Amino acid sequence: MADPNFPPNLDIAPLALDSTHSEDQWLQHEAIQQYGIAGRIWHATELLMQYFTPGASFDPPCSALLTPSPKRIIELGSGQSVASLHLAKSLAPSDTLILTDLPNVMPLCEQSARKAALPVNISPQPLAWGSSSDHLDPHRPFTHVIMCDLIYFPELYPALLFTLLDLTRPESITDTPTFGPEIILAYKPRTLALEHSFFDAFGLYFSMNPIIGGDSLVRLYSCQRWKINEQWEMPAMDTVMNGAPGVERGRDFGYIDQLFASMEW
Ligand SMILES: C[S@@+](CC[C@H](N)C(=O)[O-])C[C@H]1O[C@@H](n2cnc3c(N)ncnc32)[C@H](O)[C@@H]1O
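Residues numbered from 1 in each chain as written. Predicted model: local features only at pLDDT ≥ 70, side-chain atom pairs only at ≥ 80, totals over all residues.

Draft legend 1. Geometry of the overall build of the protein chain. In terms of helices and strands, the protein chain carries eight helices and eight strands. For the C-alpha atoms alone, the extent of the protein chain along its principal axes is close to 50 × 50 × 40 Å. Considering the protein chain as a whole, with its 265 residues, one finds that 36% of them fall into the buried category. Contacts spanning at least 24 positions in sequence make up 71% of the contacts within the protein chain whose residues lie at least 6 apart. (Helix = DSSP H or I, 4+ residues; strand = E, 2+ residues; numbered from the N terminus. Buried ≥ 20, exposed ≤ 12 C-beta atoms within 10 Å, placed from the backbone. Contact = placed C-beta atoms within 7 Å.)

Draft legend 2. The arrangement of helix α6 (residues 157-167) in detail. Of all 11 residues that make up α6, nine are buried, and the element is covered over most of its length. Restricting attention to buried positions, one finds in α6 the residues Y157, P158, L160, L161, F162, T163, L164, L165 and L167.

Draft legend 3. The pairing of strand β2 (residues 96-101), seen in detail. For β2, a buried count of six out of six residues is recorded, marking the element as mostly surrounded by other parts of the structure. Residues T96, I98 and T100 line one face of β2 and the alternating positions L97, L99 and D101 line the opposite face, and both faces are buried. Relative to β2, strand β1 (residues 72-76) runs parallel, the two being bridged by four bridges. Bridge pairing links R72 to T96 in β2. Tracing the backbone out of β1, into helix α4 (residues 82-88) and back to the parallel element β2 gives a crossover that is right-handed. (Pairing = 2+ DSSP bridges. Right-handed = clockwise from strand over helix to strand, strands pointing away.)

Right, here's the structure in full:
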């Protein structure tokens, strides 16, 4: 497969965050030359940084800040890793943050982790979606999975969904309606017609509850695997978008509840 970070006619510029200095802008410009899409800081970062700030006003608040340590947090497609490294500032030394990306993007993740110089166990690890994650077994079970602006190229959706199922694979069958790590999913809608197919398939396996707060065009969700039963079989990557047997899907009411609560009758 061609490098997804260098599609034809790529024309992107650094993203200026409130906190970035001109030197950071220049470094981002250089990273784009070297890593293409992965070298840029993407839009959902800004809202995630707010969400990952202690005391920020989000409903529900960020569980990665509130739940007891040790936490084992994994980020997919980390690239510059700005949002997850911001979260790491509030983590405890016993917590682990695993930054992942394509093997050829690892130097960027390693550089970001080194520059952050935080007293938390930050471990950059290669993870191409759709490939084995066995090398991450020592860090399982994960408590959180972070996804920052990863839903954009439809050809990547099956591999991304496959990896999400793999990282949240059950250790046993639970009685609760949902189980497994919390997926914190942030993304900026760009072409809804294309993005819809990802969420259609994602909803076959995962509950999705909106997180309300911040003033942004970025969407933020807290997601978790729907309960499974004895019929569950991990789908192959070429059928993963069609669902799999043994998932007991519930219904997400979070968004509707929020909507009705804010309506004036
Ligand atoms: C739009 S960028 C987002 C980067 C970062 N999360 C952010 O928001 O600034 C998408 C990221 O996904 C990674 N990516 C793309 N295809 C991938 C694949 N097949 N396996 C793993 N990572 C992939 C890219 O290298 C890039 O870092």
